[in-house]
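Structural overview for review
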Amino acid sequence: MSNSSPSSPRHAQQPPTIPEDETSEQPKALPWHHLARWLNGSQLLTRSEVDMLLFSTAVKLLLFPSYRSTDFEVHRNWLAITYSLPISKWYYDTTSQWTLDYPPFFAYFEKLLSIPASFIDPQIVNLYNLNYDAWSVVAYQRSTVILTEIVLGAALLRFIRGAVDPSRQRVLSASLFLHPGLLIIDHIHFQYNGFMFGILLWSILMAHEGRKLASGLLFAVLLNFKHIYMYLAPAYFVYLLRSHCMSPSGEILPTKFISLANTVILVFGASLGPFVLMGQLPQLLSRLFPFTRGLNHAYWAPNAWALVTVIDRVLLQLVRRFGADFMVNQQGVASTSRGLVGDTAFAILPTVKPIHTFVITIAFQMIFLGKLWKAPNYKSFLTALTLCGYTSYMFGWHVHEKAILLVLVPLSLLAVDDYAHFKTYMIASISGIFSLFPLLFTPSETLVKTIYSLIWGVMVLRPLHKQVYEFPTTLPWVILEQLENAYLLGFAPLLAFTLAFPLVFGGNSQVEFLPLMMTSVYCALGLVWAFIRLGTIYLRQ
């Protein structure tokens, strides 16, 4: 993947001219060969980039018949809502349980996608045609995910073109475009994360190029596509205020401040304006921010609360075994998966409320934002941005396991800064990708996710490791390196256990949650450690 570059001989030399009388002997080119030649000949892409694009597209096309989660029907229903109903009813409709709960720009996006869908198959946009799964809707919706990823691919190419070391950046860009997390969540499970992370990367790219007003504009647009990105907003606020709206001496620059404020207001006005005029803003916000869910998702996202939850379960077993004099919360005893619906209660430890998670998250973010305020340069911004997303993932309320991409995508851009950053990236990537495996539980997808992730690791992590590796210089660092390596090797027996468990204990309802719990806890150990690692590196720089 990283062995081809624009400067290689096969790109530098012109292909030999084929005599006219010999052309008839050549085999007829297939359509995608014509496309590849056009892309390469037009100098839009190098040969290796064309190969990567074709390989990626082929893999994603082969996944069309694969497992689909309820998110597939969610998005089909949103196509139907936005096509069949006037805008005034979008955030009120309850025909399906999968109500519209994304910001207006995403609703407008679904409206746009619904127009060609209505021509391809009118049943796709039939509001009352629930759980429609004809091949037409499968092919159409999966195709839209592939096509909208052009936004991601274009941003990654721009990173390569402007890189100081294009060979390293080419590996990083390829790692993101072919990321197992995106393959699992978008192209099997089904979502549009590649498209939205493409907008995020364009915003980061604008910051890198010093075009900070454009960076703020794109991030405001992104917030109105999916509100989970507000976890990154504190870093944007501090960076743009300090580096764009203030002079180095700390004085406010009124012109730049007003231009940035007007830009953000215009974006939010375009998004929320129609609903404000209709008096529907409270209804819209109630859809975007439901607080009736528990601390943990049904499958514990591998964060700090997963470790707290398992500690509570261990303490409960110790109390039962030794009869210790502890007040046991019976509601917590009855809770097993914690967080399916409603409030979460612990049996032994104090119950955690949304306000607690909010305060802890803000407190940790403030530590990193203080560093960003003092050093408002691009590299500091990128690290603080990653840590803001990481902090929200670690300590947020009802965090979904899929939110790990909010950490892994920006962290990838830091991976080759030095070996300390790379090792943090490696631990977080392996732990984060493995934590997504439970999303795909059917046998055929198990094979796909395992083999694809292994190939990705070999093609990405190994070459980057060779480029940035530094041997530890002190005994404590040697020991730490060995412990981290031992932890990473532990994913092999964990995978074997999760695969064998249903065969040995299938049908036993008392222990059916054990593989999920072990996956969550083991991945949480790595992700918590990577969080500590990255935070320490940033604060000590």
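Residues numbered from 1 in each chain as written. Predicted model: local features only at pLDDT ≥ 70, side-chain atom pairs only at ≥ 80, totals over all residues. Heavy atoms only, no water.

1. With respect to the overall build of the protein
Looking only at helices and strands, one finds 24 helices and zero strands in the protein. Looking at the protein residue by residue over its 541 residues, the buried ones come to 52%. Taking as baseline every contact in the protein between residues at least 6 positions apart, the subset at least 24 positions apart corresponds to 76%. About 25600 Å² of surface is accessible on the protein, with carbon and sulfur atoms providing 67% of the total. (Helix = DSSP H or I, 4+ residues; strand = E, 2+ residues; numbered from the N terminus. Buried < 20%, exposed > 50% of the residue type's maximum accessible area, 1.4 Å probe, protein only. Contact = heavy atoms within 4.5 Å. Areas by Shrake-Rupley, 256 points an atom, 1.4 Å probe, with all protein chains shown as cover.)

2. Topic: the packing of helix α23 (residues 491-505) against helix α24 (residues 514-540)
Between α23 and α24, the shortest axis-to-axis distance is 10 Å and the interhelical angle comes to 165°. The angle between the axes of α23 and α24 places the two elements in the roughly antiparallel class. The way α23 lies across α24 gives a crossing that is left-handed. Each of Phe491, Leu494, Phe497, Thr498 and Phe501 in α23 lies in contact with α24, whose residues at this interface are Leu514, Pro515, Met518, Thr519, Tyr522 and Cys523. Taken together, the residues that form the contact of α23 with α24 break down as nine nonpolar, two polar and no charged. (Axes fitted to C-alpha atoms, helices over the stretch in contact; angles between N-to-C directions. Parallel < 35°, antiparallel > 145°, perpendicular 65-115°, else oblique. Left-handed = near helix turned anticlockwise from the far one by under 90°. Nonpolar A, V, L, I, M, F, W, Y, C, P; charged D, E, K, R; others polar.)

3. Side note on the environment of Leu436
By secondary structure assignment, the location of Leu436 is in the loop between α20 (419-435) and α21 (443-468). The spatial distance from the C-alpha of Leu436 to the C-alpha of Thr519 is 9.5 Å, given a sequence separation of 83 residues. Beyond its immediate stretch of four places on either side in the chain, Leu436 contacts Gly181, Ile184, Ile185, Glu401, Lys402 and Ile404.

4. What about empty space enclosed by the protein?
All told, the structure shown has one cavity of 30 Å³ or more when counted by the stated rule. Its volume calculated, the largest cavity comes out at about 60 Å³. Every residue along the wall of the largest cavity is listed here: Ser56, Val59, Lys60, Glu149, Phe177, Leu178, His179, Leu182, Leu183, His187 and Tyr452. For the lining of the largest cavity, the secondary structure elements donating two or more residues are α3 (47-62) and α9 (180-190). Among the residues forming the lining of the largest cavity, the class breakdown is six nonpolar, three polar and two charged. (1 Å grid on protein atoms, 1.4 Å probe; cavity = no way out; pocket = protein on both sides within 12 Å on 5 of 7 lines; lining within 4 Å. Points joined across faces, edges and corners; volume = space filled by probe spheres on them.)

5. Remarks on the packing of aromatic side chains
Here the structure, examined in full by the defined rule, presents 35 aromatic pairs. Ring geometry for Phe190 versus Tyr192: centroids 5.5 Å apart, planes at 80°, classification edge-to-face. Both residues of the pair, Phe190 and Tyr192, belong to the buried class. Each ring, one from Tyr487 and one from Phe491, has its centre 5.3 Å from the other, and the planes form 80°; the classification is edge-to-face. Residue classification places Tyr487 among the buried positions, given a relative accessible area of 14%. Judged by its relative accessible area of 6%, Phe491 is buried. The ring of Phe72 is capped by Arg68, whose NZ or CZ atom sits 5.2 Å from the centre of that ring. Lying over the aromatic face of Tyr538, Lys371 brings its terminal NZ or CZ to 4.7 Å of the ring centre. (Phe/Tyr/Trp six-rings, centres within 6.5 Å; stacked < 30°, edge-to-face > 60°. Lys NZ or Arg CZ within 6 Å of the ring centre and 35° of its normal.)

6. A short note on the pattern of salt bridges
Counting across every chain of the model gives 12 salt bridges. For Glu73, the salt bridge identified is with Arg76, shortest N-O distance 3.0 Å. On the criterion of helical spacing, the pair formed by Glu73 and Arg76 is a turn pair, its members being three residues apart in helix α4 (residues 70-84). Across the pair Glu209 and Arg158 runs a salt bridge whose closest N-O atoms are separated by 3.1 Å. With a gap of 51 residues between them, Glu209 in the loop between α10 (193-208) and α11 (212-223) and Arg158 in helix α7 (residues 150-161) connect regions that are remote in the sequence. For Glu209, a relative accessible area of 34% gives the class partly exposed. Its relative accessible area of 30% is what places Arg158 among the partly exposed residues. (Salt bridge = Lys/Arg side-chain N within 4 Å of Asp/Glu carboxyl O.)

7. Focus on the nonpolar core
Leu201, Ile204 and Tyr229 are the most contacted members of the largest nonpolar core, which totals 145 residues. Here this core takes 11 residues from helix α18 (residues 378-395), the largest share from any one element. (Core = buried A, V, L, I, M, F, W, Y, C linked by side-chain atoms within 4.5 Å.)

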